[in-house]
Amino acid sequence: MNGFWKALKDAGYNNHNVSIDYNGLLTGTTSSGENGNSPQGPYHKYGKHVTITKDNYSIWQNFNWKMKNNSADYYGQTLEARGYYDHSNGSRYLSLYDSSGTWVGYINESGTAINNKPQGDYQSYGEYVTISKDNYSIWQNFNWKQKHASADYYGQTLEARGYYDHFNGSRYLSLYDRNGSWVGYINESGTNLSGNGRGGNYQSYNKFVTISVDNYDIWQDLDFSRSRNHSSDYYGQTLEARGYYNHFNGTRYLSLYDNAGTWVGYMNENGTNLSNGQQGNYKRYGQHVTISKDNYSIWQNFNWKKKHDSADYYGQTLEARGYYDHFNGSRFLSLYDSSGNWVGYMNENGTTINNKPQGDYQSYGEYVTISKDNYSIWQNFNWKKKHDSADYYGQTLEARGYYDHFNGSRFLSLYDNTGTWVGYINESGTNLSDTGKGGNYQSYNKFVTVSVDNYDIWQDFNFSRSRNHSSNYYGQTLEARGYYNHFNGSRFLSLYNDDGSWIGYINENATELSND
């Protein structure tokens, strides 16, 4: 008996209608035709659109109550009711067709809402969608007057406050922007439902960016409920933006990763600069650096084609006009020599930064002879003169250190034999001593007479061993083929006897120049 009452209820009967002839239902003799004296009555043309508003109704194949569909399958959809039957059971049954003209079946009218609009009834939605197609129209109304092109909003996240399931089989979303302004109606197939609410949908990006602002939060989520990091911690660094989200608030948020593959968080794109590659963006620098490591490569490009070895420039001062903070965590300097020639890119760790074009002081500890008489000896590297090289011409001085200046010259820091600082001189105005403190050999080719009998005649300029003594040559005339201006301030003659045998070095003060 329960099945009997269920069939009655689905057919539109109720328990209070007692004037019904049940014989047709029980015997299966009711007609399903659209003409004649049948319980459903005659067919009436209708031509209206209705929306399926109940999800628990049967849609019938015929009036023998053979079920064809369930209203749940069409819930919210708009269908065309081309005709209807006013059944003897007191209910009206609509004959429904979909947008392709396919017959759907008969449904009790009470499971529908009649309307005169093919778009159907407005359905509340409250979802966020991203415009994913750039070739759709956004409509002003359902007379198909265009309001916008989807290209105008391509990639943006908008709020779909509601939708219409149109008779044409498409769902149309009613869109609003972040200001609450109505954008229009768009076919749902031109959008993607946001996977992140207001955050929008993930878009693959795979670009490198440099953090250019130090006062932005980097977020854990796109509801901005919790900060994960802060841009000040990554300022100037290059990070990988693997993807982005076009947020409903109108801002693009990048999903950032560091060079270890660790997720940094979501950051407003406005706090970054897009890079042309992993090297990051060029930044002006204008500093002078000294090449302090001899085992680094200097690169032609960031594909790691080598241009030079740092050993070729070791100790030299170059101009770092700019730098790149590479994704790998290193800073690479763009180096130029004093002629303006580009040297290449070098890891900053192989250099010592300085703010002086002369470069860093290098310890030297050599002896040099002043060989040019037309050089300046400088007080400082602002080129204030301290002496003329002519004042020290031919003298041997101690070069305790040097500077490899950016202008390409080496400047020696000179001291005399009393430890007094003489100044800076361009190395090209000197000759490196062949004999240490002894200085350099100078051709002389003069004859001298030994006039003092208590001087040593030396084997070398370390004065470690006497070779002869002036007493053995007292009064004799010898040939001084050359001399050395020793660091101690004395001139030492290199003496030879008549047969060309070398006698040794003697202090010039023990001799007199011969007139012969």
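What you see is a predicted model; the values in this text were computed from it and never measured.

Visitor: How should the overall build of the protein be read in this particular structure?
Guide: Scanning the protein from terminus to terminus reveals two helices and 42 strands. Its C-alpha atoms give the protein a radius of gyration of 50 Å, more than 25% over the compact-globule value 24 Å for 516 residues. With the principal axes as the frame, the protein shows a C-alpha extent of 165 × 40 × 35 Å. Taking as baseline every contact in the protein between residues at least 6 positions apart, the subset at least 24 positions apart corresponds to 60%. If you sum the accessible surface of the protein, you get close to 25800 Å²; carbon and sulfur atoms cover 38% of it.

Visitor: Teacher, can you tell me more about the environment of Glu427 here?
Guide: When you line up the elements, Glu427 lands in the loop between strand S34 (421-426) and strand S35 (430-432). On the basis of relative accessibility, which here comes to 28%, the residue Glu427 falls in the partly exposed class. Taking the C-alpha atoms as reference points, Glu427 and Gly482, 55 residues apart in sequence, are found 24 Å from one another. Excluding residues within four positions of it along the chain, Glu427 makes contact with Tyr364, Arg410 and Leu412.

Visitor: Teacher, can you tell me more about the confidence of the model for the protein here?
Guide: Note that predicted coordinates carrying low pLDDT should not be read in detail. Scored by pLDDT, the protein has a mean of 91; 93% of the residues are at 70 or more. Taken together, the stretch residues 1-36 has pLDDT below 50 and engages in 46 contacts with residues farther than four places along the chain or on a different chain.

Visitor: I tried to follow the pattern of salt bridges on my own but got confused; where do I start?
Guide: Working definition: two side chains of opposite charge can pair if their charged atoms are close together. What the rule picks out here adds up to 17 salt bridges. Residues Glu240 and Arg242 are paired through a salt bridge, measuring 3.4 Å at the closest nitrogen-oxygen approach. Its relative accessible area of 16% is what places Glu240 among the buried residues. Among the residues examined, Arg242 registers a relative accessible area of 29% and is labelled partly exposed. Of the charged contacts in the structure, one is a salt bridge between Lys306 and Asp309, with a shortest N-O distance of 3.0 Å.

Visitor: Please explain the sheet that holds strand S2 (residues 58-60) as it appears in this structure.
Guide: For sheets, the rule is that strands pair by backbone hydrogen bonds, running either parallel or antiparallel. Read across the sheet, seven strands follow the order S3-S2-S6-S5-S4-S1-S7 without closing on themselves; strand pairing throughout is antiparallel. The sheet is open, and its two borders are formed by strand S3 (67-70) and strand S7 (112-115), each paired with just one other strand. This sheet shows a mean twist of 45 degrees between the axes of neighbouring strands, independent of strand direction.

Visitor: What am I meant to see in the environment of Gln146 here?
Guide: Of note, Gln146 is situated in strand S10 (residues 146-149). In the structure, Gln146 is positioned 38 residues away from Gly184 in sequence and 8.7 Å away in space, judged by C-alpha atoms. Leaving out residues up to four positions away in the same chain, Gln146 has contacts with Ser137, Ile138, Trp139 and Gln140. Of note is the side chain of Gln146, whose polar atom sits 2.7 Å from the side chain of Ser137.

Visitor: Any chance you could explain unusual backbone geometry here in plain terms?
Guide: Glycine aside, residues mostly have negative phi, and peptide bonds are mostly found in the trans state. The backbone of Trp304 shows a phi angle near 65 degrees, a positive value even though the residue is not glycine. Summarising the element assignment, Trp304 is placed in the loop between strand S23 (297-299) and strand S24 (306-309). Classification of Trp304 as partly exposed rests on a relative accessible area of 35%. Of note, the phi angle at Trp383 is positive, near 70 degrees, even though the residue is not glycine. With respect to the secondary-structure elements, Trp383 resides in the loop between strand S30 (376-378) and strand S31 (385-388).

Visitor: Can you walk me through the packing of aromatic side chains in this structure?
Guide: Two descriptors summarise a pair of aromatic rings, namely the distance from one centre to the other and the angle between the planes of the rings. Within this structure, the stated rule accounts for 59 aromatic pairs. Considering the side-chain rings of Phe302 and Tyr324, the 5.2 Å spacing of their centres and the 70 degrees angle between planes classify their relative orientation as edge-to-face. Taken as a pair, Phe302 in the loop between S23 and S24 and Tyr324 in strand S25 (residues 317-325) lie far apart in primary sequence, 22 residues in all. Of the two residues, Phe302 and Tyr324, neither departs from the other in class, the shared state being buried. Arranged with centres 6.4 Å apart and planes meeting at 85 degrees, the rings of Phe461 and Phe463 form a pair that is edge-to-face. Since its relative accessible area comes to 6%, Phe461 is described here as buried. Chaining the aromatic ring pairs together yields one cluster made of Tyr43, Trp60, Phe63, Trp65, Tyr85, Tyr93, Trp103 and Tyr106. Taking NZ or CZ as reference, Arg92 lies 3.8 Å from the ring centre of Tyr84, over its face.

Visitor: Teacher, can you tell me more about the nonpolar core here?
Guide: The tendency in soluble globular proteins is for nonpolar side chains to be buried as a group. Among the nonpolar cores identified, the biggest contains 13 residues, and Tyr473, Leu478, Ala480, Leu493, Leu495, Ile503 and Ile506 are the most heavily contacted of them. Sequence-distant contacts of Leu493, defined by excluding residues within four places in its chain, comprise Tyr444, Val448, Ala480, Gly482, Tyr483, Gly504, Tyr505, Ile506, Glu508 and Thr511.

Visitor: So what exactly am I meant to see when it comes to the sheet that holds S25 here?
Guide: Taken in spatial order, the seven strands make up an open sheet running S24-S23-S27-S26-S25-S22-S28, and their pairing is antiparallel. With partners counted over all chains shown, the strands left at the sheet margins are S24 and strand S28 (351-354), one partner each. This sheet shows a mean twist of 45 degrees between the axes of neighbouring strands, independent of strand direction. Pairing of S23 with strand S27 (residues 342-347) involves two bridges; the strand directions are antiparallel. Bridged to Trp299 within S27 is Tyr345.

Visitor: Explain the environment of Gly162 here, please?
Guide: Tracing the backbone through its elements, the reader meets Gly162 in strand S11 (residues 157-165). Placed 271 residues apart in sequence, Gly162 and Ser433 show a C-alpha to C-alpha distance of 93 Å. In this structure Gly162 touches Tyr122, Gln123, Ser124, Tyr125, Tyr172, Leu173 and Ser174, once residues within four positions along its chain are discounted.

Visitor: Looking at this structure, how should I read the side chain of Asp121?
Guide: Of note, Asp121 is situated in the loop between S7 and strand S8 (122-131). Polar contacts involving the side chain of Asp121 include one to the side chain of Lys117, which spans 3.3 Å. When neighbours within four sequence positions are excluded, Asp121 is seen to be in contact with Thr51, Thr78, Ala113, Asn115, Tyr163 and Tyr164.

Visitor: Is there a simple way to think about the pairing of strand S20 (residues 263-268) in this case?
Guide: Look at any regular strand and the pattern is simple: side chains alternate between the two faces of the sheet. Most of S20 is tucked away: six of the six residues are buried. Pairing of strand S16 (residues 217-219) with S20, which is carried by two bridges, proceeds in the antiparallel orientation. Residue pairing across strands places Ile218 opposite Met267, the latter belonging to S20.

Calculation rules
Here the residue numbers are simple positions, counted from 1 along each chain's written sequence. Given that this is a predicted model, residues contribute local features only at a pLDDT of at least 70 and side-chain atom pairs are listed and counted only at 80 or more, while totals for whole chains, interfaces and linings are drawn from all residues. With hydrogens and water set aside, each side-chain value is computed from the structure's full complement of heavy atoms. In this text, helices come from DSSP runs of H or I with a minimum length of four residues, and strands from runs of E with a minimum of two, each type numbered from the N-terminal end. The globule rule is 2.2 Å times the number of residues to the power 0.38, and the radius of gyration it is compared with is taken over C-alpha atoms. Contacts are assigned to residue pairs that have any heavy atoms within 4.5 Å of one another. In short, Shrake-Rupley with a 1.4 Å probe defines the accessible areas, and a residue's cover is counted only from the protein chains shown. Only protein chains enter the accessibility calculation, which uses a 1.4 Å probe; a residue is then buried when its area is under 20% of its type maximum, exposed when over 50%, and partly exposed in between. pLDDT measures the predictor's confidence residue by residue and takes values from 0 up to 100. For salt bridges, the criterion is a side-chain nitrogen of Lys or Arg within 4 Å of an Asp or Glu carboxyl oxygen. In this scheme, strands are said to pair when DSSP sees at least two bridges between them. Under this scheme, a helix contributes an axis fitted over its contacting stretch, all axes are lines through C-alpha atoms, and angles between N-to-C directions fall in the 0 to 180 degree range. Contacts described as polar in this section are N or O atom pairs within 3.5 Å, which, within protein, must combine one atom able to donate a hydrogen with one able to accept it, while residues neighboring in sequence count only if both atoms come from side chains. Working definition: a ring pair exists when centres of Phe, Tyr or Trp rings (six-membered ring for Trp) sit within 6.5 Å. Plane angles under 30 degrees give stacked, over 60 give edge-to-face, the rest tilted. Counting as a charge over the ring demands two things of the Lys NZ or Arg CZ atom: a distance within 6 Å of the ring centre and an angle within 35 degrees of the ring normal. Here, nonpolar core means buried Ala, Val, Leu, Ile, Met, Phe, Trp, Tyr and Cys residues that are tied together by side-chain atoms lying within 4.5 Å of each other.

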